[in-house]
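Chain residues, written in single-letter form:
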Amino acid sequence: MSDDYEYIEKELEISNLKGVGDVTAKKLKEAGIYTIQDLLLYSPIYISEITGIPVERAEKLVLQGYEYLKDLGLVPKDFTSATELLEQRRARKFIKTGSNNLDDMLKGGIPTQAVTEFYGEFGSGKTQLCHTLAVNVQLPEEDGGLNKSAIYIDTENTFSPDRIIEIALNKKLDPTEVLKNIVVGRPYNTVILLNMVKKLPEIIKKNNVGFIAIDSAVGPFRAEYLGRGRLSERQQLLNRFMHDLLRIAEVYDVAIVITNQVQARPDVMFGDPTRPIGGHVVAHAVTYRIYLKKAKAADLRIASIVDSPEHPPREVLFRITEAGISDP
Ligand code: GTP
Ligand code: MG
């Protein structure tokens with residue numbers, strides 16, 4: 001095992017599973033599966049593909065890994081009482097956005113163990129929000145952070161270190177430290193993007209990550225898979241991508257924010273003639289969707305939570321300032 005992996009907790013190492021000998025452990029590690037948590041990120045068929053281990057064996061390993069993590073209390077049991085479910089929910093942590101209005105609407109901020117989608121037209125504040133959260137996650141818990149670091153996957157080349165410095169200075173933080181705690185990925189296409197997602201678990205553990213931004217998440221798929229003919233191929237890839245993200249958020253207790261743009265709906269005569277890209281695949285996979293709109297004043301934005309069973313429909317105002325996101 002290389003020095004890089006010293007940070008893995010002994011208890012979670014793949015070789016702790018009964019029946020995983022040196023040879024199997026080596027095959028798994030060569031495929032990037034170092035911990036029992038990593039094992040649960042993939043389907044047995046996929047594990048078999050990348051390791052050469054027979055599918056039936058991979059199925060057994062996944063089930064065994066699941067039992068192991070259940071015993072440690074790291075994953076929920078198959079059936080849970082409503083009381084336990086409530087406790088799990090309470091174990092969820094939140095990153096404050098900088099706007100009390102927005103935090104109230106989200107019942108505390110951006111939650112861990114979930115994928116939160118912000119969608120809206122250009123200039124609606126999606127990128128500014130991601131920058132702010134990449135800084136806020138680093139704050140101590142009493143100040144609304146998680147005291148953890150961030151990963152920023154920048155598919156549109158709009159990540160700005162200067163903007164991070166400005167936000168950090170406005171929050172009286174050391175900008176050098178803050179920059180050091182943000183790992184930036186710049187995938188040029190969806191193949192690289194999907195590959196980066198596979199590497200997230202490793203970086204999460206190594207850097208003690210609590211927040212991941214993917215800005216924009218859906219755009220690259222739309223740009224590459226053009227036309228009706230490639231729609232099903234696109235939706236299939238997007239589906240895998242979204243589910244990988246959700247699994248990572250749950251297994252590693254991180255908050256994931258994805259951004260998305262809107263497209264015109266020619267069929268809508270009344271109300272808002274736009275909708276987020278990605279159709280049902282994205283709609284079903286995200287835990288919360290928030291729609292951002294511009295308001296009359298140049299620095300004000302309107303946020304509304306869409307289709308949430310836990311949140312009553314409502315709109316709130318927030319502002320984009322030198323310190324990032326804040327209240328009007
Ligand atoms: P697209 O990526 O184009 O879809 O837009 P977006 O939703 O990501 O918009 P973004 O977050 O880039 O918001 C842009 C708006 O934020 C601008 O219209 C500015 O009003 C504001 N803004 C951008 N940079 C700064 C900055 O450095 N300081 C302040 N105070 N405001 C900024
Ligand atoms: Mg943007």
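Computed from a predicted model, the values in this text were never measured in an experiment.

**Things to note about the overall build of the protein**
- The number of helices and strands found in the protein is 13 helices and 13 strands.
- Relative to the compact-globule value of 20 Å for 328 residues, the protein shows a C-alpha radius of gyration of 20 Å, a close match.
- With the principal axes as the frame, the protein shows a C-alpha extent of 65 × 50 × 45 Å.
- Split into buried and exposed, the 328 residues of the protein put 48% on the buried side.
- When the accessible surface of the protein is summed, it comes to about 16,400 Å², and 52% of that surface belongs to carbon and sulfur atoms.
- On the protein, the mean spot of the 41 positive side-chain charges and the mean spot of the 45 negative ones are 4 Å from each other.

**What to know about the site of ligand 1**
- Neighbouring residues of ligand 1: 16 residues in total, closest Gly-123, Lys-126, Thr-127, Gln-128 and Gln-261.
- Note that an oxygen atom of ligand 1 is positioned 3.2 Å from one of the backbone N or O atoms of Ser-124.
- Between ligand 1 and Gly-125 there is a distance of 3.0 Å, counted from an oxygen atom to a backbone nitrogen or oxygen.
- Relative to its free-state accessible area of 660 Å², ligand 1 is covered by the protein chains to the extent of 65%.
- No other element matches helix 7 (residues 126-136), which puts 3 residues into the shell around ligand 1.
- A breakdown of the residues in the shell around ligand 1 according to their chemical character gives 2 nonpolar, 7 polar and 7 charged.

**What about the nonpolar core?**
- In this structure, Phe-241 and Ile-258 are the most contacted members of the largest nonpolar core, which totals 51 residues.
- Residue contributions to this core reach at least three from each of two domains, namely domain 1 (10-71) and domain 2 (92-326).
- In this structure Phe-241 touches Leu-193, Leu-194, Val-197, Ile-214, Ala-217 and Phe-221, once residues within four positions along its chain are discounted.
- Listed in part, the 33 residues of the second largest apolar core include Tyr-152, Ala-213, Ile-305 and Ile-325.

**Considerations on unusual backbone geometry**
- Of note, the bond from Asp-215 into Ser-216 is cis; its omega dihedral lies within 30 degrees of zero at -10°.
- Mapped onto the elements, Ser-216 comes out in the loop between strand 6 (209-215) and helix 11 (219-224).
- Even without being glycine, Asn-208 reaches a positive phi, approximately 55°.
- Of note, Asn-208 is situated in the loop between helix 10 (190-207) and strand 6.
- Overall, Asn-208 belongs to the partly exposed group, its relative accessible area being 40%.
- Located in the positive-phi region is Asp-307, a residue other than glycine, with phi close to 55°.
- As for its position among the elements, Asp-307 is in the loop between strand 11 (300-306) and strand 12 (315-321).
- Judged by relative accessible area, which is 69%, Asp-307 ranks as exposed.

**Things to note about the domain arrangement of the protein**
- We note that the domain assignment places domain 1 (10-71) and domain 2 (92-326) within the protein.
- Between the C-alpha centres of domain 1 and domain 2 the distance comes to 31 Å.
- Together domain 1 and domain 2 conceal approximately 770 Å² of surface at their shared face, both sides included; 50% is due to carbon and sulfur atoms.
- Applying the counting rule to domain 1 against domain 2 returns 1 salt bridge.
- The closest approach of N and O atoms between Asp-38 and Lys-205, which form a salt bridge, is 3.0 Å.
- At the boundary of domain 1 with domain 2, the tally comes to 3 residue pairs in polar contact (both at pLDDT 80 or more).

**As for the pattern of salt bridges**
- Counted under the stated rule, the structure contains 12 salt bridges.
- A salt bridge links Glu-67 to Lys-70; the shortest N-O distance between them is 3.2 Å. With Glu-67 and Lys-70 both in helix 4 (residues 55-71) and 3 residues apart, the pair spans about one turn of that helix.
- Judged by relative accessible area, Lys-70 falls into the buried class, the value being 15%.
- A salt bridge links Asp-299 to Arg-319; the shortest N-O distance between them is 2.8 Å. Here Arg-319 lies in strand 12 and Asp-299 lies in the loop between strand 10 (288-294) and strand 11, a separation of 20 residues in the sequence.

**Some thoughts on the pairing of strand 7 (residues 255-260)**
- Burial within strand 7 is extensive, with 6 of its 6 residues counted as buried.
- Going residue by residue along strand 7, you find Ala-255, Val-257 and Thr-259 tucked away on one face and Ile-256, Ile-258 and Asn-260 tucked away on the opposite face as well.
- In this sheet, strand 7 lies alongside strand 3 (residues 114-120) in parallel orientation, the contact comprising 6 bridges. The residue bridging Glu-117 from the neighbouring strand is Ile-258, located in strand 7.

**Points about the side chain of Thr-132**
- Note that Thr-132 resides in helix 7.
- Dropping the residues within four chain positions of it, Thr-132 is found in contact with Thr-97, Ile-167, Lys-171, Ala-323, Gly-324 and Ile-325.

Calculation rules
Residues numbered from 1 in each chain as written. Chains lettered and ligands numbered in written order. Predicted model: local features only at pLDDT ≥ 70, side-chain atom pairs only at ≥ 80, totals over all residues. Heavy atoms only, no water. Helix = DSSP H or I, 4+ residues; strand = E, 2+ residues; numbered from the N terminus. Rg over C-alpha atoms; globule rule 2.2 N^0.38 Å. Buried < 20%, exposed > 50% of the residue type's maximum accessible area, 1.4 Å probe, protein only. Areas by Shrake-Rupley, 256 points an atom, 1.4 Å probe, with all protein chains shown as cover. Lys, Arg positive; Asp, Glu negative; His and termini not counted. Charge placed at Lys NZ, Arg CZ, Asp CG, Glu CD. Near = heavy atom within 4 Å. Polar contact = N/O pair within 3.5 Å; in protein donor to acceptor, adjacent residues only side chain to side chain. Nonpolar A, V, L, I, M, F, W, Y, C, P; charged D, E, K, R; others polar. Core = buried A, V, L, I, M, F, W, Y, C linked by side-chain atoms within 4.5 Å. Domains from an automatic or database assignment. Contact = heavy atoms within 4.5 Å. Buried area = accessible area lost by both parts, 1.4 Å probe. Salt bridge = Lys/Arg side-chain N within 4 Å of Asp/Glu carboxyl O. Pairing = 2+ DSSP bridges.

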